[in-house]
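Each chain, written out:
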Amino acid sequence: MALPEEAPIYGPFFGVMGAAAAIIFSALGAAYGTAKSGTGIAAMSVMRPELIMKSIIPVVMAGIIAIYGLVVAVLIAGALEEPPKYTLYKAFIHLGAGLAVGFSGLAAGFAIGIVGDAGVRGTTQQPRLFVGMILILIFAEVLGLYGLIVAIYLYTK
Amino acid sequence: MLKLYLALISLGFATQINCESVPAFIFGDKTPAHFPALEHLNGDEFATLIKSQATKDTLTVVFVENKLSVEDFSQCRLKTKTCFENLNNIERKSYLSSVAQPVDSLMAAFGKQKSITVSSAEDLKDAKVDGEKILFVYFDEVESAEDFYKHDVLINKLYNQLKEQNENVVAVYTGIHPSFTYSQSLKRKIREAEAVPAEDKPVHENPEEPKPAEEPKPAEEPKAVEENKPVLQKPKQHDDAVNASQIVLYDSNHYALMALSGFIVDNNTIDVHSLQIESTKVSENELTVTLSSGSHKLALNTHMSGGSWFVKFRYNDNNEDNEIYHPRTAVYAFGEHFSFGCGNLIIESSKRTHIIQLFGFQYQPNFNPDPNIDVDKDLKFSDSVSDCVGFFSPAIWGALFVVILLVSILTWGLYMMMDIRTMDRFDDPKGKTITINAQE
């Protein structure tokens, strides 16, 4: 069956790549954040075990990044269809949405990891650093949120 | 006169940016020593090489096929054995897989030359030289593996015959055109194919020689005279129609399948539903498919040669001023079961007086249709379509870009991940606890 030019057979490739990129790269960022701050927590918990639960916060924030990516990936996957109904326009939009949340989630995860590691280690020595660490972590997290906003906005086009 | 034709032909060849190359076999008394396997030689180098094999009394005989390719040597098979048995049995031979314009450069390089055309064993009796240093032996057009086999036998006979007459003989087996071309520019290929029959014979003939007997193929009577009813198929019944305005036409002989969504001649739109299609098989390799509606008649003469087919157009039998109608994109495809579909086809007359536009055009000729085919279910365009995309189409570029982008991001992410170091400071549980500073 001959497909129209605006909905070619390779259209879904771009859409699926968008969904994959969304979850893959945000998971990568979350993994980095978790691992890096995890080493910091493990290091400092030897000295001050009572601060462990307070120090879990960077790990939680890294996990939220992965949730952003999951949401966008599920949304895109729900909108995938077969070629005549799935135009190349939609495919490119989905690709863009996935890349937006994925790559910004990756960046946010990297930031959270490094800030969490350093902050957690510093908090053991100077407890007044805790509030500052949280503020910095929020700014790092919000990068992923910007990516999510752009992705959702693109998706609704 | 000969030199003028030669100059024109070599100019025609020289203006092609992408030179065609043919393989060449060299055998005889002195064969060139060693050659890198896939080296390309241009004409002058080849001529110099051949001349270097020749001494004062060496006869060089060049066996020339009209079309020869590397694939012919490797793929030609007659009942599991290769067609070129005699060539295979020669022990000392050299093979050059790509030479550009060997025949022309040899003609230019040697002085006295003689040409003969050989189509059967009787012609071999004319093969004598007196004083000329080079003899060109032309064969007929090859249509099947058996023709190659016959030519191989003739080559063997003639070579042995010449060896009896002369002591030193160097033989070259090559061609003028390759059998298969993969030219980028479609237009160039078609013009070449048209140019060859007209100018080939006067150039390569020595004026003293008698003209070789050229037998054109006898035109067969059109077969289905009684039932040439054109058939029109509605779009919803046939799967191949792309949109509602495209119709799919096939003729009663099933020689041609054509899809069309618009037909405009000189700004007169012709209703596609009024089009009728007929076809006749002129010969084994030629079909004529005619699209007509009222006074407008567009004929597609489809020729098959060397496994690929191409189309020449005639409008109203070229009645007005004998103008030649050329399509802007040459209509051809690589194989017998390929169809051609390039979107919109625009055909112009040579003086630009008439323009015919075919929208949403797709065409597939069928030289050997299956008579038992079920028209509603099985008559479809084949999956192989010769469309106008080259090696890199925009879709391919887009996909490549996306993949490279994603892979590079992934690589960077993985690199950062590998950079994480875990602390091994506390792996010794019995060691004393020490303070940590923030730098670790």
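Reading guide: rules and limits
Residue positions are given per chain, counted from 1 along the sequence in the order it is written. For naming, the first written chain is A and the first written ligand is 1, with later ones following in the order written. Only residues with pLDDT of at least 70 get local features here, since the model is predicted, and only at 80 or more are side-chain atom pairs given and counted; chain-wide, interface and lining totals rely on the full set of residues. Excluded from the side-chain calculation are hydrogens and water; included are all heavy atoms of the structure. UniProt positions are given in the numbering used here, feature names are shortened, and annotations may be inferred rather than shown by experiment. Helical segments are the DSSP runs of H or I of at least four residues, strand segments are the runs of E of at least two, and each set is numbered from the N terminus. Any residue with relative accessible area above 30% and no salt bridge may belong to a patch, with like charges joined within 9 Å and the nonpolar Val, Leu, Ile, Met, Phe, Trp and Tyr side chains within 5 Å. Per-residue and other accessible areas were derived by the Shrake-Rupley procedure at a 1.4 Å probe size, with only the shown protein chains allowed to occlude residues. The term salt bridge refers to a pairing of a side-chain nitrogen on Lys or Arg with a carboxyl oxygen on Asp or Glu at a separation within 4 Å. Buried residues are those whose accessible area, probed at 1.4 Å on protein chains only, stays under 20% of the maximum for their type, while exposed residues exceed 50% and partly exposed ones sit between those limits. In this analysis, axes come from line fits to C-alpha atoms, helices being fitted only over the stretch in contact, and the angle between any two N-to-C directions falls in the range 0 to 180 degrees. Angle categories: roughly parallel below 35 degrees, roughly antiparallel above 145, roughly perpendicular from 65 to 115, and oblique for all the rest. The criterion for strand pairing is that DSSP finds at least two bridges linking the strands in question. Whether two residues are in contact is decided by their heavy atoms: any pair within 4.5 Å suffices. The span one expects for a helix is its residue count, reduced by one, times 1.5 Å. Within 6.5 Å between ring centres, the rings of Phe, Tyr and Trp (the latter by its six-membered ring) count as paired, and their orientation is classed by plane angle as stacked under 30 degrees, edge-to-face over 60, tilted in between.

## Focus: the UniProt feature "transmembrane region" (unreviewed entry) in chain B
(1) Moving on: Annotation from UniProt places "transmembrane region" (unreviewed entry) at residues 395-415 of chain B.
(2) Moving on: Secondary structure across residues 395-415 of chain B comprises 100% helix and 0% strand; the distance between its end C-alpha atoms is 30 Å.

## Description of a nonpolar patch on the surface
Residue and element names in this part refer to chain B.
(1) Moving on: On the surface, Phe391, Phe392, Ile396, Trp397, Leu400 and Ile404 cluster together to form a nonpolar patch covering roughly 660 Å² of accessible area.
(2) Moving on: Following the sequence through the fold, phenylalanine 391 ends up in the loop between strand 23 (385-386) and helix 9 (394-418).
(3) Moving on: The class for phenylalanine 391 is exposed, based on a relative accessible area of 71%.

## Side note on the pattern of salt bridges
All names here are of chain A.
(1) Moving on: Taken as a whole, this structure holds 6 salt bridges over all chains when the rule is applied.
(2) Moving on: In this structure, lysine 90 engages glutamate 81 in a salt bridge whose closest nitrogen and oxygen atoms are separated by 3.6 Å.
(3) Moving on: Residue arginine 121 pairs with aspartate 117 through a salt bridge whose shortest N-O separation is 2.9 Å. With a gap of 4 residues between them, arginine 121 and aspartate 117 both fall in helix 4 (residues 88-125), about one helical turn apart.
(4) Moving on: Several salt bridges converge on common partners, so that one network encompasses Lys36, Asp117 and Arg121.

## Here's the deal with the packing of helix 1 (residues 11-45) of chain A against helix 4 of chain A
(1) Moving on: Contact pair helix 1 of chain A / helix 4 of chain A: the axes reach a minimum separation of 7 Å and the direction vectors enclose 5°. Judged by the angle between their axes, helix 1 of chain A and helix 4 of chain A are roughly parallel.

## Details of the sheet that holds strand 2 (residues 40-41) of chain B
Residue and element names in this part refer to chain B.
(1) Moving on: Taking strand neighbours across the sheet as the criterion, the 7 strands line up as 2-6-1-9-3-8-7 in an open arrangement whose pairing is mixed. Edge positions in the sheet fall to strand 2 and strand 7 (113-118), since each has one partner strand and no second.
(2) Moving on: Alignment of strand 3 (residues 58-67) against strand 8 (residues 134-139), held across 5 bridges, turns out to be parallel. Paired with phenylalanine 63 across the strands is valine 137, a residue of strand 8.
(3) Moving on: On the sheet, helix 5 (residues 102-109) packs against strand 1 (21-28), strand 3, strand 6 (93-100), strand 7, strand 8 and strand 9 (168-177) and is oriented at approximately 150° with respect to strand 8.
(4) Moving on: Sheet strands touched by helix 6 (residues 145-165): strand 1, strand 3, strand 7, strand 8 and strand 9. Its angle to strand 3, the strand with the most contacts, is close to 170°.

## Some words on the side chain of B:Ser69
Residues and elements named next belong to chain B.
(1) Moving on: With respect to the secondary-structure elements, serine 69 resides in the loop between strand 3 and helix 3 (70-75).
(2) Moving on: Given a relative accessible area of 4%, serine 69 falls into the buried group.
(3) Moving on: Sequence-distant contacts of serine 69, that is, excluding residues within four places in its chain, are made with Pro23, Pro178, Ser179 and Phe180.

## What to know about helix 9 of chain B
(1) Moving on: Compared with the 36 Å implied by 1.5 Å per residue over 25 residues, the 36 Å span of helix 9 of chain B between its first and last C-alpha is a close match.
(2) Moving on: Among the residues of helix 9 of chain B, B:Ala395, B:Ala399, B:Val402, B:Leu406, B:Ile409, B:Gly413 and B:Met416 are the ones counted as buried.
(3) Moving on: Where helix 9 of chain B is buried, its residues contact helix 1 and helix 4 of chain A.

## Quick word on the packing of aromatic side chains
(1) Moving on: The tally for this structure, following the rule as stated, stands at 15 aromatic pairs over all chains.
(2) Moving on: Relative to B:Tyr95, the ring of B:Phe25 lies with its centre 4.8 Å away and its plane at 40°, an arrangement referred to as tilted. With a gap of 70 residues between them, B:Phe25 in strand 1 and B:Tyr95 in strand 6 connect regions that are remote in the sequence.
(3) Moving on: Residue class for B:Phe25 comes out buried when judged on its relative accessible area of 10%.
(4) Moving on: Classification of B:Tyr95 as partly exposed rests on a relative accessible area of 31%.
(5) Moving on: Among the aromatic residues, those joined into a ring-pair cluster are A:Tyr10, A:Phe13, A:Phe14 and A:Phe92.

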